[in-house]
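Okay, here's what each chain looks like letter by letter:
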Amino acid sequence: MKKLILISMFACAGICIAAGGTRTSFLLEKNWKFSRTDDSEAIGSDFDDSKWQSVTVPHDWAVYGPFDGNADVQNVAIMQDGETQASLKAGRTGGLPFVGVGWYRIRFDAPEFGAGKKASILFDGAMSNAHVYLNGRETGYWPYGYNSFHFDITPCLKAKDNVLVVRLENLTESSRWYPGAGLYRNVHVTVTDDIHIPVWGTYITTPVVNGDYARVNLKTKIASSDELSRNLRLVTEIRDGQQNVVSRAENAGMGRFDENTFEQNFVVEKPSLWSPETPDLYTAVSKLYAGDELKDEYTTRFGIRRFEIIPDKGMFLNGKTVKFRGVCNHHDLGPLGAAVNTSALRRQLVLLKDMGCNAIRTAHNMPAPELVELCDEMGFMMMVEAFDEWQYAKCRNGYNLYFNDWAEKDLVNMLHHYRNSPSVVMWSIGNEVPGQEHPEGVRTARFLQDICHREDPTRKVTMGIDRAEAAMKSHFASTMDVVGFNYRLQFYQQAYNELAQRIVLGSETASTISSRGVYYFPVARTSRPYHDDGHCSSYDVEEPGWSNLPDDDFVQHDDYPWCIGEFVWTGFDYLGEPTPYYNRWPNHSSMFGIIDLAGIPKDRYYLYRSHWNPDAETLHILPHWTWHGREGEVTPVFVYTGYPSAELFVNGKSQGRIFRDESMTASQTDSQEAKDKMLRQRRYRLMWMDVTYEPGTVKVIAYDKDGRAVAEKEMHTAGKPHRIELSADRTALEANGKDLSFITVRVVDRDGNLCPDAANAITFRVTGAGTYRAAANGDPTNIEQFHLPKMSVFKGQLVAIVQSSEQAGAIRFEAESKGLRTAILRLRGE
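Each chain has its residues counted from 1, running along the sequence as written. Selection of residues for local features in this predicted model requires a pLDDT of at least 70, selection of side-chain atom pairs for listing and counting requires 80 or more, and totals for whole chains, interfaces and linings are taken over all residues. Each side-chain value is derived from all of the structure's non-hydrogen atoms; neither hydrogens nor water enter the calculation.

Trainee: Is there a simple way to think about the overall build of the protein in this case?
Mentor: Starting at the N terminus, helices and strands are each numbered in turn, a helix being any DSSP run of H or I of at least four residues and a strand any DSSP run of E of at least two. Looking only at helices and strands, the protein features 12 helices and 49 strands. A compact globule built from 830 residues should have a C-alpha radius of gyration of about 28 Å, and the protein, at 27 Å, falls within 12% of that. The principal-axis extents of the C-alpha atoms in the protein amount to approximately 90 × 70 × 55 Å. The classification of residues rests on relative accessible area computed with a 1.4 Å probe and restricted to protein chains. Under 20% of the type maximum is buried, over 50% is exposed, and intermediate values are partly exposed. Split into buried and exposed, the 830 residues of the protein put 63% on the buried side. For the protein, the accessible area works out to roughly 30,600 Å², and carbon and sulfur atoms hold 48% of it. Throughout, the radius of gyration refers to the C-alpha atoms, and the reference size of a globule is 2.2 Å times the residue count to the power 0.38. Note on areas: Shrake-Rupley, 1.4 Å probe, and residue coverage restricted to the protein chains presented here.

Trainee: Would you explain the sheet that holds strand 45 (residues 770–776) in this entry?
Mentor: Working definition: the strands of a sheet are paired by backbone hydrogen bonds and lie parallel or antiparallel to each other. In short, DSSP must find at least two bridges between two strands for them to pair. With respect to topology, four strands assemble into an open sheet ordered 41-43-47-45, the strand pairing being antiparallel. Looking at strand neighbours, the two that pair on one side only are strand 41 (723–728) and strand 45, the edges of this open sheet. Across this sheet, the average inter-strand angle for adjacent strands is 30 degrees, counted without regard to direction. Strand contacts of helix 2 (residues 342–355): strand 43 (740–748) and strand 47 (797–804), with the helix running at about 55 degrees to strand 43, the strand carrying the most contacts. Note on method: axes are straight lines fitted to C-alpha atoms, helices fitted across the in-contact stretch only, with angles between N-to-C directions ranging 0 to 180 degrees. By definition in these notes, contact holds between two residues if any of their heavy atoms fall within 4.5 Å.

Trainee: Teacher, can you tell me more about the environment of Ser275 here?
Mentor: Inspection of the secondary structure puts Ser275 in the loop between strand 18 (261–269) and strand 19 (282–290). According to the relative accessible area criterion, Ser275 is buried, its value standing at 8%. Measuring from C-alpha to C-alpha, the distance between Ser275 and Arg325 comes to 14 Å, with 50 residues separating the pair along the chain. Any N or O atom pair separated by 3.5 Å or less is treated as a polar contact, with the protein-specific requirement of one donor-capable and one acceptor-capable atom, and with residues adjacent in sequence counted only for side-chain atom pairs. Within polar-contact distance, the side chain of Ser275 engages the side chain of Thr278 at 2.9 Å.

Trainee: What is the right way to look at empty space enclosed by the protein in this model?
Mentor: Rolled over the atoms, a probe with the dimensions of a water molecule shows which regions are left empty. Lining residues are those with an atom within 4 Å of a point, where the points come from a 1 Å grid over the protein atoms alone and group into cavities, where a 1.4 Å probe fits but cannot get out, or pockets, open sets with protein on both sides within 12 Å along at least five of seven lines. Grid points are joined across faces, edges and corners, and a volume is the space filled by probe spheres set on the points. If you add up the space inside the largest cavity, you get close to 310 Å³. In terms of lining residues, the largest cavity is bounded by 24 residues, among which Tyr144, Tyr146, Ser174, Gly398 and Tyr399 are the most central. We call Asp, Glu, Lys and Arg charged. Ala, Val, Leu, Ile, Met, Phe, Trp, Tyr, Cys and Pro are nonpolar, and the rest, Gly among them, are polar. Among the residues making up the lining of the largest cavity, the classes are represented as 11 nonpolar, 10 polar and three charged.

Trainee: Explain the packing of aromatic side chains to me, please; I cannot follow it from the model alone.
Mentor: In this description, an aromatic ring pair is defined by two values, namely the gap between the centres and the angle between the planes. Only Phe, Tyr and Trp rings are paired, with Trp represented by its six-membered ring, and only when their centres lie within 6.5 Å; those with planes under 30 degrees apart are stacked, over 60 edge-to-face, the remainder tilted. Under the defined criterion, the tally for this structure stands at 42 aromatic pairs. Ring plane angle 70 degrees and centroid distance 5.1 Å describe the contact between Phe554 and Tyr684, whose orientation is recorded as edge-to-face. With a gap of 130 residues between them, Phe554 in helix 9 (residues 550–559) and Tyr684 in helix 12 (residues 679–684) connect regions that are remote in the sequence. Residues Phe554 and Tyr684 agree in their burial class; the two are buried. Centre to centre, the rings of Trp625 and Tyr693 are 4.9 Å apart; their planes meet at 65 degrees, and the pair counts as edge-to-face. Here Trp625, found in the loop between strand 34 (619–622) and strand 35 (637–641), pairs with Tyr693, found in the loop between strand 38 (686–688) and strand 39 (697–703); they are 68 residues apart in sequence, far enough to count as distant. Each member of the pair, Trp625 together with Tyr693, is buried.

Trainee: What am I meant to see in the environment of Glu714 here?
Mentor: Position of Glu714 among the secondary structure elements: in strand 40 (residues 709–716). When the C-alpha atoms of Glu714 and Val698 are compared, they prove to be 5.6 Å apart, with 16 residues separating the residues in sequence. Ignoring any residue separated from it by four or fewer positions in sequence, one finds Glu714 in contact with Thr697, Val698 and Lys699. A distance of 3.4 Å separates a polar atom in the side chain of Glu714 from a polar atom in the side chain of His716.

Trainee: Is there a simple way to explain the packing of helix 4 (residues 403–418) against helix 5 (residues 439–455) in this structure?
Mentor: In a pair of packed helices, the angle between the axes and the distance between the axes together describe the arrangement. Look at helix 4 against helix 5: their axes get within 10 Å of each other, and the N-to-C directions meet at 30 degrees. Judged by the angle between their axes, helix 4 and helix 5 are roughly parallel. Seen from above, helix 4 lies across helix 5 with right-handed handedness. Contact residues: Phe403, Ala407, Glu408, Leu411, Val412, Leu415 and His416 in helix 4; Thr444, Phe447, Leu448, Ile451, Cys452, Arg454 and Glu455 in helix 5. Each residue belonging to the contact of helix 4 with helix 5 can be placed in one class, and the counts come to nine nonpolar, two polar and three charged. Orientation is classified from the angle alone, with under 35 degrees giving roughly parallel, over 145 giving roughly antiparallel, 65 to 115 giving roughly perpendicular, and any other angle giving oblique. By definition, turning the near helix anticlockwise from the far helix through less than a right angle yields a left-handed crossing, and turning it clockwise yields a right-handed one.

Trainee: Any chance you could explain the sheet that holds strand 49 (residues 823–829) here in plain terms?
Mentor: Strands sit in the order 42-49-48-44-46 across an open sheet of five strands; the sheet is mixed. Whereas interior strands pair on both sides, the edge strands pair on one side only; in this sheet they are strand 42 (732–733) and strand 46 (790–792). Relative to strand 49, strand 48 (residues 809–816) is paired through seven bridges, and the arrangement is antiparallel. Its bridge partner being in strand 49, Ala810 is matched across the sheet by Arg828.

Trainee: Just checking my understanding: could you explain the pairing of strand 16 (residues 232–239) for this structure?
Mentor: In the case of a regular strand, side chains alternate between the two sheet surfaces. With eight bridges connecting them, strand 16 and strand 19 associate as antiparallel partners. Opposite Arg233, over in strand 19, you have Tyr289 as the bridge partner. Where strand 16 lies against strand 17 (residues 245–252), seven bridges are found, and the strand directions are antiparallel. Bridge assignment links Val235 to a residue of strand 17, and that residue is Glu250. Where strand 16 folds back onto strand 17 in an antiparallel hairpin, the turn is made up of five residues, including Gln243, whose phi is positive at roughly 70 degrees.

Trainee: Sorry if this is basic, but what is going on with the pairing of strand 20 (residues 293–302) here?
Mentor: Of all 10 residues in strand 20, eight are buried; the element is thus mostly enclosed. As paired strands, strand 19 and strand 20 are joined by nine bridges and run antiparallel to one another. Its bridge partner lying in strand 20, Val285 is registered against Thr299. Between the end of strand 19 and the start of strand 20, which pair antiparallel, lie two residues, with Gly291 showing a positive phi angle near 70 degrees.

Trainee: I'm lost on the side chain of Asp779 in this one. Help?
Mentor: You can see Asp779 is positioned in the loop between strand 45 and strand 46. For this count, His and the chain ends are skipped, Lys and Arg are scored as positive, and Asp and Glu as negative. Any Lys or Arg side-chain nitrogen located within 4 Å of an Asp or Glu carboxyl oxygen qualifies as a salt bridge. Despite its burial, Asp779 pairs with no opposite charge, the nearest such side chain being Arg584 at 7.7 Å. Here the side chain of Asp779 touches Thr781 through a polar contact of 2.8 Å, side chain to side chain. What Asp779 contacts, discounting residues up to four positions off in sequence, is His535, His588 and Phe794.

Trainee: Can you help me understand the packing of helix 2 against helix 10 (residues 603–612) in this one?
Mentor: At a minimum axis distance of 8 Å, the contact between helix 2 and helix 10 shows a crossing angle of 55 degrees. If you check the angle between helix 2 and helix 10, you find them oblique. Between helix 2 and helix 10, the residues in contact are Leu351, Asp354 and Met355 and Tyr605, Tyr608, Arg609 and Trp612, respectively. When its residues are assigned to classes, the contact of helix 2 with helix 10 shows five nonpolar, no polar and two charged.

Trainee: Where do I start with the layout of surface pockets in this structure?
Mentor: In this structure, the second largest pocket occupies an estimated 970 Å³ of space. In terms of lining, the second largest pocket is formed by 36 residues, of which the most central are Tyr606, His620, Arg746, Leu754 and Gln797. Listed by contribution, the elements that provide at least two residues to the lining of the second largest pocket are helix 2, helix 10, strand 34, strand 40 and strand 43. Grouping the amino acids of the lining of the second largest pocket by side-chain chemistry returns 14 nonpolar, 11 polar and 11 charged.

What follows is the structure, encoded as structure tokens:
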């Protein structure tokens, strides 16, 4: 029997760039007016909105708070946590005031619009139930807050003095996490000739890819009558990253059976192939002519790559074995809420890249286009996900209310929006949906997967299956192109043995829970932990009852080629889902993240980095070594490193040399006893379990495979808090009014050692060509408002955010706290 090979040879997010011709595109960003008062008269062009709040879009109305334990309290039973009885859940959606109605109004001109013109409006995302009105007339409605959608506004638009009105409404019990609120993504207006290339009107594939050449196929839809289409001409140039023309095609006229679509074929010799290591991009610049008159110009960015999944053997990119070293991320940006910001997204990806991450799952919804563009540019593979619910409810007022009428529309928009992106290598049609054990669930899965295949035959489809055993029995799992299991490691081998795909994906893994800088004793692997202070241990040994520790996943994907990688839950902490403290306010944010809500890496970051980024030196010691009152008590020390062995010293006395135990394979460590003894962890962590605490210095010396000492690191007991220390991810900002600098604020002693228990309140002041934007400290129980220029450090640290103005110049950031030496950092807008 021949083995089926799953192949995706492809091309980037169809980014329409206004460039010449008669096309003009612009953002509606400034001068919006906003109100939470639900007044239907606000639809009218003459409505007086002068007393409304002035805001800039993207805008998340709820992130400003205040936090409230009664906000969207949900009386539910969380099945994944083993609950059978409903109980009140405070903080499940973040404790922020996103529920209710919000209105947005803006006046704008479109001087390019007139006779013979067409116009469209594109919303990258609006949360949620968007009713859109232009000049007093309803233009359209779109319920799903995560999706991009567009309307033809030609009948309503004027060249001057337009009034755009958007009414949004978020229902109670409509989400399992913080969804954000408002026009939290960008709004675009595009004016074209009446003959033009419509929104997301191009589709690029690369059916043949090798080192010598690539064949590129471009399909371009034309908005025009059939009669006019026969006299049109499309000229397209393929340009490389340096804007050199590497191929060209010209097509004249379309036949009656071409469905108003030009099809063009190109050959690119010696192509630069897209990969996480070399994210090379091309552009297709298409010019549409009627006779000799230029009617439209449309630029589509794309990449050239060959992506394969081969049963038994694994996953391949451009002929080389690759595995997903991925994370799942929700869409919120911590203290910025859901309002999209390219600088904030880039910072997240920079941190993940350094950790060795090569893939993102957009859990559990369509991403912002800025994220997809950055993944194309920075080299991250993507699993783009559509839904958290189908027709059966997980939340009383969730997407189940809209699924039957809107699922195909939403899915088609997602596919058309992102099917040109080289970073997108797989579609996900759902996450942990009810019905995996029933025939109707199987039919729904097939229905959605067929839409994906119809609109994009080049990519395979998966989803997050959490009811693994039932899904295998019902044939739900066998329906998927790629079997994706959320957790359920105990069924990986069975799925490989019994299912025809002969491939298993960790679509969601780990869900280890920890709070940065928090440690509990004695140290032991714990399922369903509960501590009185509302935190979890940063020894990285605590998990909910349905999940596992990082090392449990590592061993599967290291030992079995048919395991094609994982997406860890989650890369960053996010607002909402405060597992395991749903019933404990003020817990209001997750603890799953490898990086906390402020963007500060937890200890776990270095465990992943030591495994995923072996070419970079990682030598990380935990816990901290400032334990007043623990003198003489057992205080285990862990070291996360890519080196095979290390020796630990406390005040110069050796605690012994430990080697990573490579004998601990997946098949040998599958018993409950092996889990209790943390045998898998011995393969990936160096653990000294019997160290006795005494103040002073901890030192570790790492050895390479030949036994040579190649790296060392020290950690010291901290003294009293003395001063504030500042460091910025970037000191030179673009003077565009949007760029951000993330400033890590640390409380240290006289010698510069972090004070790990410091909780000082820090006040911020920003002067010059920038403004204070927000701050967060990573404490899942902290309810200080993000936007106020004052916050307490958590475990000695926080992150403050400064935003550039539109004027170039110096920016001065000052942080002060009673009893500590003030710190000043100088930035610049350019």
